[in-house]
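Reading the structure
Now for the letters of each chain:
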Amino acid sequence: MQDDVNGVRVAVRCEVADRIANVGGDWYLSIALPGGDVMLAVGDVMGHGPTAAATMVQLRAAMTRLALAGDEPGAVLSALNRMLCRRNPTMIATAVCGRFRPADRTLTWARAGHLPILRATADGVSPLFQPPGMALGVDPAARYCQAVVELRAGELLFMYTDGVVEQRDQAIDQGVQDLAEDVRLAMRTSAPGERLRNAIDHARRGNPDDDACLLAAEPV
């Protein structure tokens, strides 16, 4: 799927492990916010199937509501964490969310125990600095710090869940490096208008037994 949201081109690929129920615990968000900003996010409820999917629906709906109300990413994750601790104390989730401001091309983002955002530039592909933040559902008093990065024209961002990069026979850091290499190849071999779609299409699927979600974004 590909769409334009407030001047940000977004492409997404989601796959579920439960082929029978066709539901899972991974989610993404790419919504236009009042004032012209964009909220981008992916999340992962531990496990898969109907139980994880039900929790995912609650978290995604709450994230949407909080973002539209104007909450910054750190505050959004804090609220989701308190909600999960209160409503589903046996469930754990990870998430990363960012608010992109086209006016100054800055991304303000926070993470809850999640894998780092990848940034693709003309010089290569590398993870953004990771602000601290534990997984959702562990400690109701947890705090979520924010980081800010300015994006240049032509740069792409990639958010993903562990099903994209996890392999049984290797460390997850190696899977992140493999994804970065897939993105790097797509950047090098694609025309500018095709890089986003090609990166999504050619990124490998790490673990077929886990849900997987990959979101790519390019300010235009």
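The structure under discussion appears in the preceding block.
Presented here is an overview of the structure given in this document. (Residues numbered from 1 in each chain as written. Predicted model: local features only at pLDDT ≥ 70, side-chain atom pairs only at ≥ 80, totals over all residues. Heavy atoms only, no water.)

Further remarks concern the packing of helix H4 (residues 172-189) against helix H5 (residues 195-202). Here H4 crosses H5 at 145 degrees, and the two axes come no closer than 9 Å. In this structure, the crossing between H4 and H5 has a hand that is right-handed. Contact residues: Asp182, Ala186 and Met187 in H4; Arg195, Asn198, Ala199 and His202 in H5. (Axes fitted to C-alpha atoms, helices over the stretch in contact; angles between N-to-C directions. Helix = DSSP H or I, 4+ residues; strand = E, 2+ residues; numbered from the N terminus. Left-handed = near helix turned anticlockwise from the far one by under 90°. Contact = heavy atoms within 4.5 Å.)

Here we take up helix H1 (residues 50-68). Taking 1.5 Å as the rise per residue, H1 with 19 residues should run 27 Å; its terminal C-alpha atoms sit 27 Å apart, in good agreement. Considered for burial, the residues of H1 that qualify are Ala52, Ala53, Thr55, Met56, Leu59, Ala62, Met63, Leu66 and Ala67. Buried residues along H1 sit against strand S3 (26-32), strand S4 (38-45), helix H2 (73-87) and strand S5 (93-101). Where H1 terminates, the next one or two residues include glycine 70, which has phi positive at roughly 105 degrees. (Expected span 1.5 Å × (residues − 1). Buried < 20%, exposed > 50% of the residue type's maximum accessible area, 1.4 Å probe, protein only.)

In the contact formed by H1 and H2, the axes pass within 10 Å of each other and the chain directions differ by 145 degrees. Of the two possible hands of crossing, H1 and H2 adopt the one that is right-handed. Of the residues in H2, those touching H1 at Thr55, Gln58, Leu59, Ala62, Met63, Leu66 and Ala67 are Val76, Leu77, Ala79, Leu80, Met83 and Leu84. Class assignment of the residues belonging to the contact of H1 with H2 gives a composition of 11 nonpolar, two polar and no charged. (Nonpolar A, V, L, I, M, F, W, Y, C, P; charged D, E, K, R; others polar.)

Summarising burial for strand S10 (residues 156-160): five of the five residues are buried, a large majority. Going residue by residue along S10, you find Leu156, Phe158 and Tyr160 tucked away on one face and Leu157 and Met159 tucked away on the opposite face as well. Note: strand S7 (residues 118-121) against S10, three bridges, orientation antiparallel. Bridged to alanine 120 within S10 is leucine 156. (Pairing = 2+ DSSP bridges.)

Reading across from one edge, S3-S4-S5-S6-S9 is the order of the five strands in this open sheet, with antiparallel pairing throughout. Edge positions in the sheet fall to S3 and strand S9 (147-150), since each of these pairs with one other strand and no more. Strand-to-strand twist in this sheet, taken as the mean axis angle between neighbours without regard to direction, amounts to 15 degrees. Relative to S5, S4 runs antiparallel, the two sharing eight bridges. Each residue of the ladder has a partner; that of valine 45, found in S5, is alanine 93. Contacts from H1 reach S3, S4 and S5 within the one sheet, and its direction differs from that of S3 by about 20 degrees.

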